Amino acid sequence: MSATVTYQLTRNSYGRLVLTDQSGVTHEGVIPVRSFPVTDPGQGIALIDSHGHELAWIERFDDLPEAYRVLIESELASREFMPEIKRITKVSGFITPSTWHVETDRGAAVLILKGEENIRRLTASSLMITDNHGIHFLLRDRTALDRHSRKLLDHFL
Amino acid sequence: MQKTPRFSMNNLPAIWTDELSAQLSEDESILAWLEIDLDHQLHFATGIVIATDKRVLAKMADDGTWQTWAYQQGLQLTQRDHAGVGCLELFDPHARLAFWRYRLGNVMAANRLIECFLQQLDYHVSGKLPESSQTSAQCPHCGAFLSAEQDECPVCEKQNHIPPSTWVLLRLWRFAKPYKGRLLIGFLLTLCSTAATLVPPYLTMPLMDNVLIPYQNGQPIDTDLVQFYLSGLLGAAILAWMLGWARTYMLSLVSERIGADLRTTTYEHLLNLSQEYFGGKRTGDLMARIGAETDRINLFISLHLLDFATDVIMICMTAIILVSINPWLALVTLAPLPIIAWLIHLVRDRLRIGFEKVDRIWAEVNNVLADTIPGIRVVKAFAQEKREAARFHAANQRNLQINDRVNRIWSLFTPTVTLLTEVGLLVVWVFGIWQISQDEITVGVLTAFLAYIGRFYIRLDSMSRIVSITQKAAAGTKRIFDILDHVSSVPESANPVHLPTIQGQIELRHVGFRYGTRSITRGINLVIQPGEMIGLVGHSGSGKSTLVNLICRFYDVTEGAILVDGHDIRTLPLAEYRKHIGLVLQEPFLFFGTIAENIAYGKPDATRAEIVAAARAAHAHEFILRLPHGYDSLVGERGQALSGGERQRISIARALLINPRILILDEATSSVDTTTEKDIQKALDNLVRGRTTIAIAHRLSTLREANRLIVLDRGRIVEIGNHAELMAREGYYHRLYLAQARNVDEEERALISATEHSIAGEHK
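Each chain has its residues counted from 1, following the order in which its sequence is written. Key to labels: chains lettered from A, ligands numbered from 1, both in the order written. Local features in a predicted model are, by the rule used here, given only for residues with pLDDT of at least 70; side-chain atom pairs are given and counted only at 80 or more, and totals for whole chains, interfaces and linings are based on all residues. The side-chain values count all of the structure's non-hydrogen atoms but skip hydrogen atoms and water molecules.

Attention now goes to the pattern of salt bridges. When the charged atoms of two side chains lie near each other, side chains of opposite charge can form a pair. Salt bridge, as used here, is a side-chain nitrogen of Lys or Arg placed within 4 Å of a carboxyl oxygen of Asp or Glu. Tallying each qualifying case throughout the model produces 16 salt bridges over all chains. One salt bridge connects A:Glu103 with A:Arg87, and the closest N-O pair in it is separated by 3.8 Å. Highlighted residues: A:Glu103 in strand β8 (residues 98-104) and A:Arg87 in strand β7 (residues 85-91), separated in sequence by 16 residues. When the shortest N-O distance is used, the salt bridge between B:Asp556 and B:Arg553 registers 2.8 Å. Judged by relative accessible area, B:Asp556 falls into the buried class, the value being 13%. For B:Arg553, a relative accessible area of 1% gives the class buried. Ionic contacts of the salt-bridge type, sharing partners, join the residues A:Arg16, B:Glu89 and B:Arg96 into one network. Secondary structure is summarised from DSSP: a helix means a run of H or I of at least four residues, a strand means a run of E of at least two, and numbering begins at the N terminus for each. In this scheme, a residue with accessible area under 20% of its type's maximum is buried, one over 50% is exposed, and one in between is partly exposed, where area comes from a 1.4 Å probe on protein chains only.

The next point concerns the nonpolar core. All names here are of chain B. Buried residues of nine kinds, namely Ala, Val, Leu, Ile, Met, Phe, Trp, Tyr and Cys, make up a nonpolar core once their side-chain atoms join them within 4.5 Å. Ile 599, Ile 652, Leu 665, Leu 687 and Tyr 733 are the most contacted members of the largest nonpolar core, which has 47 residues in total. Counting residues per element, this core draws most heavily on helix α20 (residues 644-657), at 6 residues. Among all residues touching Leu 687, those that are not within four sequence positions of it are Val 584, Ile 652, Ala 655, Leu 656, Leu 663 and Leu 665. Within the second largest apolar cluster, 33 residues are counted, among which are Ile 315, Ile 321, Ile 340 and Phe 449. Any two residues whose heavy atoms approach within 4.5 Å at even a single point are treated as in contact.

Two numbers describe a pair of aromatic rings. These are the distance of the centres and the angle of the planes. Paired rings are identified among Phe, Tyr and Trp, the last through its six-membered ring, by centres lying within 6.5 Å, and are further divided according to the angle between planes into stacked (under 30 degrees), edge-to-face (over 60) and tilted (the rest). By the definition in use, this model includes 13 aromatic pairs over all chains. Ring centres 5.7 Å apart and planes at 65 degrees place the aromatic pair A:Phe81 and B:Phe44 in the edge-to-face group. Of the two residues, A:Phe81 is situated in the loop between α1 (66-79) and β7 and B:Phe44 in strand β2 (residues 44-52); the pairing between them involves two chains. Given the relative accessible area of 7%, A:Phe81 is considered buried. Plain terms: the ring middles of B:Phe591 and B:Tyr601 are 4.4 Å apart, the flat faces sit at 20 degrees to each other, and that makes the pair stacked. Taken together, the residues B:Phe591 in the loop between β13 (581-584) and β14 (593-594) and B:Tyr601 in the loop between α17 (595-599) and α18 (608-617) connect sequence positions 10 residues apart. By relative accessible area, which is 48% here, B:Tyr601 ends up partly exposed. Through successive ring pairs, a cluster of aromatic residues spans B:Phe589, B:Phe591 and B:Tyr601. For a lysine, the NZ atom is tested; for an arginine, the CZ atom; a charge sits over a ring if that atom is within 6 Å of the ring centre and within 35 degrees of the ring normal. Above the face of the B:Phe99 ring, B:Arg96 is positioned so that its terminal group lies 4.1 Å from the ring centre.

A regular strand carries its side chains on alternate faces of the sheet. Residue and element names in this part refer to chain A. Of the two faces of strand β11 (residues 127-130), both are covered, the one formed by Leu 127 and Ile 129 as well as the one formed by Met 128 and Thr 130. Hairpin connection of strand β10 (residues 119-121) to β11: 5 residues between the antiparallel strands. Sheet topology places β11 next to strand β12 (residues 136-139); 4 bridges connect them, and they run antiparallel. When the bridges of β12 are listed, Thr 130 appears paired with His 136. Strands were regarded as paired on the criterion that DSSP finds at least two bridges between them. The hairpin turn running from β11 into β12, its antiparallel successor, is 5 residues long, and Gly 134 in that turn takes a positive phi close to 85 degrees.

All names here are of chain B. Note that Arg 691 resides in the loop between α21 (674-688) and β17 (692-696). N or O atoms within 3.5 Å of each other form a polar contact, as long as, within protein, one can give a hydrogen and the other can take it, and as long as residues adjacent in sequence are counted only when both atoms are side-chain atoms. At 2.9 Å, the side chain of Arg 691 and the backbone oxygen of Pro 660 are in polar contact. Beyond its immediate chain neighbours, meaning those up to four positions away, Arg 691 contacts Gly 531, Glu 532, Leu 656, Asn 659, Pro 660, Arg 661 and Leu 663.

Taken together, the contacts link 33 residues of chain A with 32 residues of chain B. Taken together, the two surfaces of chain A and chain B that pack against each other cover about 2,800 Å², and 52% of this comes from carbon and sulfur. For the interface between chain A and chain B, the tally reads 1 salt bridge. Notably, a salt bridge pairs A:Arg16 with B:Glu89, separated by 2.8 Å at the nearest N-O pair. Only α1, β8 and β9 (107-113) of chain A provide two or more residues apiece to the side of chain A that touches chain B. A simple way to read buried area is as the amount of 1.4 Å-probe accessible surface that goes missing from two parts once joined, with both sides added.

This paragraph deals with the environment of B:Leu574. Residue and element names in this part refer to chain B. Residue position: Leu 574 is located in helix α16 (residues 574-578). Take Leu 574: its relative accessible area is 11%, and that puts it in the buried class. Here the alpha-carbon distance between Leu 574 and Val 490, two residues 84 residues apart in the chain, equals 8.7 Å. The contacts of Leu 574, once residues within four sequence positions are left out, are Val 490, Glu 492 and Arg 553.

All names here are of chain B. Checked against the element boundaries, Pro 200 lands in helix α6 (residues 199-216). Spatially, the C-alpha atoms of Pro 200 and Tyr 452 are 9.4 Å apart, while their sequence positions differ by 252 residues. Discounting residues that sit within four places of it in the chain, Pro 200 has contacts with Leu 233 and Ala 236.

Per-chain confidence: chain A averages 82 in pLDDT, with 96% of residues scoring 70 or above. Per residue, pLDDT measures the predictor's confidence, with a range of 0 to 100. The element-level mean pLDDT for chain A is lowest in β10(A), coming to 81, with β7(A) highest at 89.

Here we take up the packing of helix α5 (residues 180-197) of chain B against α6(B). All names here are of chain B. The geometry of α5 relative to α6 is characterised by a closest axis approach of 4 Å and an angle of 30 degrees between their N-to-C directions. Classified by the angle their axes make, α5 and α6 are roughly parallel. Of α6, the residues touching α5 (which contributes Ala 195, Ala 196 and Thr 197) are Val 199, Pro 200 and Pro 201. Each residue belonging to the contact of α5 with α6 can be placed in one class, and the counts come to 5 nonpolar, 1 polar and no charged. Angles run from 0 to 180 degrees between N-to-C directions of axes, and those axes are lines fitted to C-alpha atoms, restricted for helices to the stretch in contact. If an angle is under 35 degrees, it is roughly parallel; if it is over 145, roughly antiparallel; if it lies from 65 to 115, roughly perpendicular; otherwise it is oblique. Residues are grouped as follows: nonpolar covers Ala, Val, Leu, Ile, Met, Phe, Trp, Tyr, Cys and Pro; charged covers Asp, Glu, Lys and Arg; every other residue, Gly included, is treated as polar.

Quick look at the sheet that holds strand β3 (residues 26-28) of chain A now. Residues and elements named next belong to chain A. Taken in spatial order, the 3 strands of this open sheet run β1-β2-β3, and their pairing is antiparallel. A strand with exactly one partner marks an edge of an open sheet, and here the two such strands are β1 (8-11) and β3. With strand direction ignored, the average angle separating the axes of adjacent strands in the sheet is 20 degrees. Direction of pairing for strand β2 (residues 17-20) relative to β3: antiparallel, over a ladder of 3 bridges. Bridge pairing links Thr 20 to Thr 26 in β3. Across the face of the sheet, α1 comes into contact with β1 and β2 while running at roughly 50 degrees to β1.

Here we come to the sheet that holds β17(B). Strand pairing within a sheet occurs via backbone hydrogen bonds; the two strands may be parallel or antiparallel. All names here are of chain B. Across the sheet, 6 strands lie side by side as β13-β16-β17-β10-β18-β19; this open sheet has mixed pairing. Because the sheet does not close on itself, it has two edges, and the strands there are β13 and β19 (716-721). Neighbour-to-neighbour, the strand axes of the sheet open up by a mean angle of 20 degrees, direction not taken into account. Across the sheet, helix α15 (residues 544-551) is in contact with β10 (533-537), β13, β16 (662-666), β17 and β18 (708-713); its angle to β17 comes to roughly 150 degrees.

This paragraph deals with α18(B). Residue and element names in this part refer to chain B. Along α18, the positions that sit buried rather than exposed are Ile 611, Ala 614 and Ala 615. What you see down the axis of α18 is that its buried residues fit within an arc of 100 degrees, all on one side. Pointing more than 90 degrees away from the buried face of α18 are the exposed residues Ala 609 and Arg 616. In this structure, the buried residues of α18 make contact with α17, α19 (621-626) and α20. Trailing α18 by a residue or two, His 619 shows a phi angle of about 55 degrees, which is positive. By definition, the arc is the one covered by directions from the helix axis to the C-beta atoms.

Given below as structure tokens:
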């Protein structure tokens, strides 16, 4: 299913998304934003201009023509940064600040946990860990972690 | 190395050094670099972007070759960030040439890279030599420039997240030093009192061998001997009691004093730190450091460290006594000690984790309460009492779960220690009986051994706690010293110039201010005549408040100088200088106390007549008299509720009372409505009269009185003149003024249409 959209979307040579609306006005530097990045990433994507005003609302990705969907998804991929922790290899100590070596869906990384208050419970099993630079690491299901990771994590919960 | 780059390569991350030296030409030197830690798809990867004096180079670790761009007209390097990820982009006039993503920990390096890039680009395009900013110090780790007074690199400081080592505790010696005499006495007392407690078990030996055993063997009891031994026991006990009391008292005395010194020193130091420091810290955190942390350190010294020292002394002394009585039995007795200590430590460790969990879960329970009780009106309005109760129940349930788990180990702990003690005693029994059967020792020796050993097995438990307690105290000490080590970025002059009275002429000469590596104001030149009123105008972020902060010397300029009556303000004593400045802020802060005290805050010895006069001039006198206790009404936290305008007028009275030559109004009327603003304006008119005034106002209409308006944009002065002149010029100010006038119109229109709407709605 592909509903009609009332605007045109292209990428210019500066690497910015450009949206041309019905009346022919072009907006450069359009940014796609997910409304529910954690709980429901696929639902409700807004296209906003560089001043933060909403230009278009996309209820679901399926509503979009294929080309636009690819364009928006690639832009989202280069903007969204919420690595998902798959494994905790090592922690420097159980007293914060503590340096964690983790494996994420975006490769191995090192994060510094400033205090236990930076671990936030989203649901009973999922956690959001914020490192010292404010980057959010998602732990989607802590019961699904391996034994070693669970044990390390347990010290901080 | 054959070349001597201006910027030492040693600072460059090691993995890039070799690769890069092959890339660079003979006379090329590296100016700045940015380590890249993400690739284009935002996966973790490593790479580097480098600016040299010839070109820009970049490479990702898994790329084969270096990308390079020579400096040329139209090249642009920009950085932006979103949700903790920065993006550095290189453009030419037609397209984006390249971009890099990195985590924001590198933002300072990115800014520096861009700064170097711009300087070099400027140089290559226009042939102008870059201004020499190389005089300032560089961070030895990351190469970021430090402003003159920064003692620590702001980049590295943030990255320094290693848990503190226990050695930090040694730094407390600075505070213990004044009490070293008493500490020595305390230590000697500890030694003596411990020795005294070890006498009774020793006396059981002869009591057994010389009295009881002979009696069992048919000899009468030697009463004199018994009396002698028993009085020895009593004497030792009394001596131990007295010495123990003296020791504890002496050391608590010292530790309380150390704690108090630590607290007051830290607070005093904190008060003298610049505004900059407070800007970056949370109030709660600072309060906790000074309150709770010093208390924890205090407790550590007076209780835990003392106990630990006593235990160690006791164990050493006991070991010596035991060995002196019988080396073999001593060996058997002491051998299991390390094993038992280790076992206890193991259990303790698990318990500690458990207890920490309990602490955290408690915090969660508290959080539910802290969430709900202040928001009780919302909870009730939306009839969500049941849900909140369920939330509390759930938190409690989790609390129970964790507690149950901890209690499982905890309940095991004491019996385990007892068991281990018994096992240890058993070993001594077995070996002792065997030795007695071989006639190597007497019964008395065995009894003494058993008496000694029972004592210190118990102490092992408390000793095992010392590890975690020490770690916590070390963490606390580090947090305290974090404050103490911070050097104020507005230092007092070594040879201050005293100015008892000033005229109020302010001169800004090439003033520039940089926050970290971000340049906020640049090249500001301005002379303000005594008695002149200056209005600072500009968008938010244009540097108005920065300028005011610099004039108040909450921060020091990074370039140029600010002169008052021809004297650099850095040569004036801080407190004396600020006495000449009256400050009225947007959010007036009233301390807890009476209104009179609040008005007299800057001049505590002011007479009542002076206070009333100041209040009259500030148009505060009448409303103060309407309060139930007049000038004695309590305000501030927990005090009388005052409206925003009333509070503002009190703060104006406060500024009037110190009769400053220089007056600074920082958005003094922004937080009140237009009617109140008129009242305040009247009060301000009294205040401004005859003083050098610098006013910041969001509403341009309030600055019409100003002799001159200074229009700032992005840290530079763009226009100077009075309202009429600037309007006539039709420049920046004109646009700003029109935009504001339009906004006001729109707001009013929106208000009207909204009312119409609601009226229409009611009619339906």
